[in-house]
Amino acid sequence: MARNRLEPQIAAAGVSSEAAQEMRASADARVARAQADYDLTRGGIYDLEKKLEADIPDTERELLEDRLNFARAERARLLQAHSQTHKWTNNDWATPGVQAQIAVIESVQGDDPAERALLDGQIVTCHEVRAGSNTITQWVLDNGVIGYHKIFSGLDDDLAEDFGQDEAVQPIHEVAAWHLAKGMGEPWRGLVPPCVLREIDGEQGSFAAKAPGANYQDFRATDNWQAAAFFDALIGQQDRHGGNWLVDSRMLTLIDHGFTFACPGDYCNKADIQSARKHDPLSEEERAVLERLVASPDLLGVRHMLAPDRADALLARAQQMLDTGEIPKAGPY
Ligand SMILES: Nc1ncnc2c1ncn2[C@@H]1O[C@H](COP(=O)(O)OP(=O)(O)O)[C@@H](O)[C@H]1O
Ligand SMILES: [Mg+2]
């Protein structure tokens, strides 16, 4: 359970201040453990493999190989422990890397009232959405929240491969896009619907709050489309077409962040909003948020949610935008 998610519970339970301190410390420890596990397994293996590709002396190579073996053994141990608490870990999509990312997200989510509502509401009704390419279900909760569930087991794998994804990461990217927007603050925060990972009806997936508006409307009439262009450029959005935004009067909402956090060379299908802004210079506000992102060791909270190469690519895009001072031309990345 995330740290801030505890506060309303502590208040409601009326426990002593010592007990409240203990609960906070244990929540902090859980987040720290999930991130350390990620660093040792997913991130650590990535770093070590990269170092081993270089021309290095034999003694150093032996040391790195020992560390790599240790990281792999540790990963196997963690997966074993994880599979005892989550039945979905037996699915093909639940690769070791994806499981490490899910563990990080589950340890930090819930620190926002909108995330809490998505996590806590009980299911009332559901129906399947027939629009995009993945299996999406709309769920109505007893607290009035309506959300869209994109399940790991319902992804169109062939399409994902065309976008450079060889792992089931679309639901993870949905959540990471929200956390990044939240960390950046307004006006970007308001562009992305709050989103969590939640297991519903035995299926693990992203669960995003329903946003108002209609697909395929002209975004240029909205007040926040320039902010959306900047956000898409930053996150490496590969599929921004009219089915993936909503217009409600003068407000634009970006939905579908499955194909984002692109790596260098990845394909870009559509970048309609980014292309409309062309090579605009960055505003002061955009510069400031990029400075904040590149100075943030955990990339405003998303480094450990993403595959390590995708986190590196996000940082590189931010740095490139700062260096050039403008919105880059839309993909390929
Ligand atoms: N948060 C949301 N708010 C409102 N509508 C949504 C939301 N998420 C999805 N939808 C609806 O479901 C459709 C499919 O969702 P999307 O995430 O684009 O799936 P796919 O990955 O299959 O393209 C969208 O075009 C939209 O109409
Ligand atoms: Mg879509």
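As a convention, each chain's residues are numbered from 1 in the sequence order in which they are written. Labels are handed out in written order, letters beginning with A for the chains and numbers beginning with 1 for the ligands. Given that this is a predicted model, residues contribute local features only at a pLDDT of at least 70 and side-chain atom pairs are listed and counted only at 80 or more, while totals for whole chains, interfaces and linings are drawn from all residues.

K.L.:
I'd like a rundown of the overall build of the protein chain, residues and numbers included.
P.N.:
Strands here mean DSSP runs of E at least two residues long; helices mean DSSP runs of H or I at least four residues long; both are numbered from the N terminus. For the protein chain, the helix and strand inventory stands at 11 helices and nine strands. We compute the radius of gyration over the C-alpha atoms and compare it with the globule rule, which gives 2.2 Å times the number of residues raised to the power 0.38. Compactness check: the protein chain gives a C-alpha radius of gyration of 20 Å against a globular reference of 20 Å for 333 residues, within 12% of the reference. With the C-alpha coordinates of the protein chain rotated into their principal frame, the extents come out at 60 × 55 × 40 Å. For the protein chain, the proportion of its 333 residues judged to be buried stands at 39%. Summarising the internal contacts of the protein chain: among those between residues at least 6 apart in sequence, 71% fall at separations of at least 24. Counting other C-beta atoms within 10 Å of its own, a residue is labelled buried from 20 upward, exposed at 12 or fewer, and partly exposed in the gap between, with every C-beta atom placed from the backbone. By the criterion used throughout, residues are in contact when their C-beta atoms, derived from the backbone, lie within 7 Å.

K.L.:
So what's going on with the nonpolar core? Residues and values would help.
P.N.:
Note on terminology: a nonpolar core is any set of buried Ala, Val, Leu, Ile, Met, Phe, Trp, Tyr and Cys residues joined through C-beta atoms within 7 Å. Counting residues in hydrophobic clusters, the biggest one holds 68 residues, and the most contacted among them are Val175, Ala176, Ala181, Leu191, Ala228 and Phe231. Counting residues per element, this core draws most heavily on helix H8 (residues 225-235), which supplies nine residues. Beyond its immediate stretch of four places on either side in the chain, Val175 contacts Ile105, Cys195, Val196, Leu197, Ser206 and Met305.

K.L.:
Lay out the packing of helix H2 (residues 17-52) against helix H4 (residues 96-108) with the relevant residues and their values.
P.N.:
Two packed helices can be described by the angle between their axes and the distance between those axes. Angles shown run from 0 to 180 degrees and are taken between the N-to-C directions of axes, each axis being a line fitted to C-alpha atoms and, for helices, limited to the stretch in contact. The geometry of H2 relative to H4 is characterised by a closest axis approach of 8 Å and an angle of 160 degrees between their N-to-C directions. With respect to their mutual orientation, H2 and H4 come out roughly antiparallel. Pair H2 / H4 crosses with left-handed handedness. Seen from H2, the contacting residues are Arg30, Val31, Ala34, Gln35, Asp37, Tyr38, Thr41 and Arg42; seen from H4, they are Pro96, Gly97, Ala100, Gln101, Ala103, Val104, Ser107 and Val108. Three residue categories are used. Nonpolar comprises Ala, Val, Leu, Ile, Met, Phe, Trp, Tyr, Cys and Pro, charged comprises Asp, Glu, Lys and Arg, and polar comprises the others, including Gly. Residues that form the contact of H2 with H4 fall into these classes: eight nonpolar, five polar and three charged. For this classification, under 35 degrees means roughly parallel, over 145 means roughly antiparallel, 65 to 115 means roughly perpendicular, and everything else is oblique. Each crossing gets its hand from how the near helix is turned against the far one by less than a right angle, where anticlockwise is left-handed and clockwise is right-handed.

K.L.:
Pulling in residues and values, what's your account of the domain arrangement of the protein chain?
P.N.:
A domain assignment, automatic or from a database, supplies the domain bounds used here. Along its sequence, the protein chain is organised into domain 1 (6-93) and domain 2 (121-324). Each of domain 1 and domain 2 was reduced to a C-alpha centroid, and the two centroids are 25 Å apart. At the interface, eight residues of domain 1 touch eight residues of domain 2. Within the side of domain 1 that touches domain 2, the residues separate by chemical class into four nonpolar, three polar and one charged.

K.L.:
Tell me about the site of ligand 1, and please be specific about residues and values.
P.N.:
Only the C-beta atom, placed from the backbone, is used; a residue is near a molecule or strand if that atom lies within 6 Å of it. Lining the immediate surroundings of ligand 1 are 19 residues, of which Ala131, Gly132, Asn134, Tyr148 and Asp256 lie closest. Here the shell around ligand 1 is built from residues that sort into nine nonpolar, seven polar and three charged.

K.L.:
Requested: an account of helix H7 (residues 170-184), with residues and values cited.
P.N.:
Helix span, as expected, comes to 1.5 Å for every residue beyond the first. For H7, with 15 residues, the first-to-last C-alpha span of 21 Å sits near the 21 Å given by 1.5 Å per residue. Where burial is concerned, most of H7 is hidden: 14 out of the 15 residues are buried. The first or second residue beyond H7 is Gly185, which carries a positive phi of 85 degrees.

K.L.:
Outline the packing of helix H10 (residues 284-294) against helix H11 (residues 308-324), listing residues and values.
P.N.:
Interaxial distance between H10 and H11 falls to 10 Å at its minimum, and their mutual angle equals 140 degrees. When the axis of H10 is compared with that of H11, the two are oblique. Taken as a pair, H10 and H11 cross one another with a handedness that is left-handed. In this structure, H10 uses Arg287, Leu290, Glu291, Leu293 and Val294 to contact H11, whose residues at the interface are Leu315, Ala318, Gln319, Met321 and Leu322. Broken down by class, the residue content of the contact of H10 with H11 amounts to seven nonpolar, one polar and two charged.

K.L.:
For the pairing of strand E1 (residues 123-129), give the residues involved together with the corresponding values.
P.N.:
Of all seven residues making up E1, only zero are buried, and the element is barely covered by its neighbours. Strands are treated as partners if at least two bridges between them are detected by DSSP. Sheet topology places E1 next to strand E2 (residues 136-141); six bridges connect them, and they run antiparallel. Counted as the bridge partner of Ile123 is Leu141 from E2. Between E1 and the antiparallel strand that follows it, E2, lie six residues.

K.L.:
So what's going on with unusual backbone geometry? Which residues, and what values?
P.N.:
With an omega dihedral of 10 degrees, the bond running from Glu186 to Pro187 counts as a cis peptide bond. Locating Pro187 in the fold gives a position in the loop between H7 and strand E4 (195-200). In this structure, Ser249 takes a positive phi of about 55 degrees despite not being glycine. Examined against the element boundaries, Ser249 turns out to sit in the loop between strand E7 (245-248) and strand E8 (251-254). A positive phi angle is found at Asp256, which is not glycine, with a value near 65 degrees. The residue Asp256 is located in the loop between E8 and strand E9 (270-271) in this model.

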